[in-house]
Each structure stands twice: as C-alpha cells, then as structure tokens.
Amino acid sequence: MSEFDLSYYDEEAAGLALEIERKLVILNLDWTDPTVMRMLAKEVLAANNGGREIGSGAEFSRDQTCEELFGLIALMNKLMCEAAEKGVEVHGNDAWKAVARALWLEKEEREANV
C-alpha cells in the first residue's frame, strides 16, 4: 500500500475529528463527561435507526449544528470502516474517542437487551 493511501486516511480522520470537536464545543457538549456522551450516542443511534426522524423526542436541540454533528459522526464511522477494510489503522482526537466509546457502549447495551 502506498504512503499516499495511508496519509489520506490520517488527514481525513484528523479533519473530521476536529470538526466533530468544534461541533461539540458549539453545542456545549463536554466530551469528557461519559453521561453526556452516552446521551449523544443514544440520539445518534436512534436517529440512525428505524426511520425515526432526527429531533422527535430528542434530548438535544436539533439545529443545523447538531445535524451536522450527526453527519460528521457518520462520515467518521464510514472512514474508519473503510480504513480497517484496507488494513489501515486510523485514530481520532480525544473528542472522537469519547464519541466512539459512547457509541460502542450504547450499541452493546442495546444488543444485550434485544
């Protein structure tokens, strides 16, 4: 695999992680607070699940910034999956790691309760 391929994933992940961090700051969501991140993860998974419209009964205000955050999270997940399929290890910043950790925990909990 060429070095270009590796740098593409690193650069894209860094850019997406920074934008996710910015959106969290704008929305006043503290990524160091696991409870806040779990609430966010519940909303992300609910919005991504079963045709539920973003914002119906949501914990967070559904303005453009929040919808952009959800989109960025989806893009980062897609990038991470694509990189993993090619055997490329990619990391995000602390904000992304907090979001990803909360998503995994929430997903595992939902699967255990099925």
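Just so you know, the residues in each chain are numbered from 1, in the order the chain's sequence is written. Note on the predicted model: pLDDT of at least 70 is required for a residue's local features to be given, and 80 or more for side-chain atom pairs to be given and counted; whole-chain, interface and lining totals, by contrast, use all residues. Hydrogens and water are ignored here; the side-chain numbers use all heavy atoms of the structure.

**Student:** Hey, could you run me through the overall build of the protein in this one?
**Tutor:** For the purposes of this entry, the term helix denotes a DSSP run of H or I that reaches at least four residues, the term strand denotes a run of E that reaches at least two, and both are numbered from the N terminus. Per the secondary structure count, the protein includes 4 helices and 0 strands. Element order for the protein, N to C, with α for helix and β for strand: α-α-α-α. Across the 114 residues of the protein, 34% fall into the buried class. Note on contacts: a residue pair is in contact if any heavy atoms of the two residues lie within 4.5 Å. If you take every contact in the protein between residues at least 6 apart in sequence, the share linking residues at least 24 apart comes to 68%. Here the open area of atoms and residues is found with the Shrake-Rupley method and a 1.4 Å probe, where only the protein chains shown may cover a residue. Within the structure as shown, the protein displays about 7,100 Å² of accessible surface, and the carbon and sulfur contribution to it stands at 50%. Between buried and exposed lies partly exposed: a residue is buried under 20% and exposed over 50% of the maximum accessible area for its type, with that area taken using a 1.4 Å probe on protein chains only.

**Student:** I would appreciate a short explanation of unusual backbone geometry in the present structure.
**Tutor:** It is generally the case that most residues other than glycine have a negative phi and that most peptide bonds are trans. Its identity is not glycine, yet Asn28 carries a phi of approximately 60 degrees, on the positive side. Tracing the chain through its elements places Asn28 in the loop between α1 (3–26) and α2 (34–47).

**Student:** Got a minute to help me understand the pattern of salt bridges in this structure?
**Tutor:** Two side chains of opposite charge can pair, provided their charged atoms sit close to one another. For this analysis, a salt bridge means a side-chain nitrogen from Lys or Arg found within 4 Å of a carboxyl oxygen belonging to Asp or Glu. For the coordinates displayed, the defined rule picks out 6 salt bridges. Note that Arg110 and Glu106 form a salt bridge whose closest N and O atoms lie 3.3 Å from each other. Here the residue Arg110 and the residue Glu106 both occupy positions in helix α4 (residues 94–112), the gap between them amounting to 4 residues, near one helical turn. Within this structure, Arg38, Glu106, Glu109 and Arg110 form a network of salt bridges that share partners.

**Student:** Would you mind going over α4 with me for this structure?
**Tutor:** Along an α-helix, residues three or four positions apart point the same way, because every turn accommodates 3.6 residues. To estimate how far a helix should reach, multiply one less than its number of residues by 1.5 Å. Over its 19 residues, α4 runs 27 Å from end to end, which matches the ideal 27 Å to within 8%, given 1.5 Å per residue. All of the buried residues in α4 are Ala95, Trp96, Ala98, Val99, Ala100, Ala102, Leu103 and Glu106. Near the N-terminus of α4, the side chain that reaches the backbone nitrogen of Ala95, with its oxygen 3.3 Å away, is that of Asn93. Counting of polar contacts relies on pairs of N or O atoms within 3.5 Å, with two restrictions inside protein: one atom must be capable of donating a hydrogen and the other of accepting it, and residues adjacent in sequence are counted only when both atoms are side-chain atoms.

**Student:** How do you make sense of the environment of Met80 when you look at a structure like this?
**Tutor:** Position of Met80 among the secondary structure elements: in helix α3 (residues 64–85). For the pair Met80 and Tyr9, spaced 71 residues apart in sequence, the C-alpha separation works out to 8.2 Å. Once residues lying within four places of it in the same chain are set aside, the contact partners of Met80 are Val90, His91, Gly92 and Trp96.

**Student:** Can you walk me through the packing of α2 against α3 in this structure?
**Tutor:** How two helices sit against one another is set out by the angle between their axes and by the gap between those axes. Note on geometry: axes are C-alpha line fits, over the in-contact stretch for helices, and angles between N-to-C directions span 0 to 180 degrees. Direction vectors running N to C along α2 and α3 enclose 80 degrees, while the axes themselves pass 11 Å from each other. As the angle between them shows, α2 and α3 are arranged roughly perpendicular. Contacts between α2 and α3 involve Leu40, Glu43, Val44 and Ala47 from the former and Leu69, Phe70 and Ile73 from the latter. Just so you know how the angles are binned, under 35 degrees is roughly parallel, over 145 roughly antiparallel, 65 to 115 roughly perpendicular, and the rest oblique.

**Student:** Mind showing me how you'd approach the confidence of the model for the protein here?
**Tutor:** Reading fine detail from the predicted coordinates is not recommended where pLDDT is low. The predicted model of the protein averages 87 in pLDDT, with 83% of residues at 70 or higher. Of all the helices and strands in the protein, α1 carries the lowest mean pLDDT, 90, while α4 carries the highest, 95. pLDDT is a residue-level measure of predictor confidence that goes from 0 to 100. A low-confidence stretch, residues 51–58 stays under pLDDT 50, and its non-local contacts, those more than four residues away or across chains, total 12 contacts.

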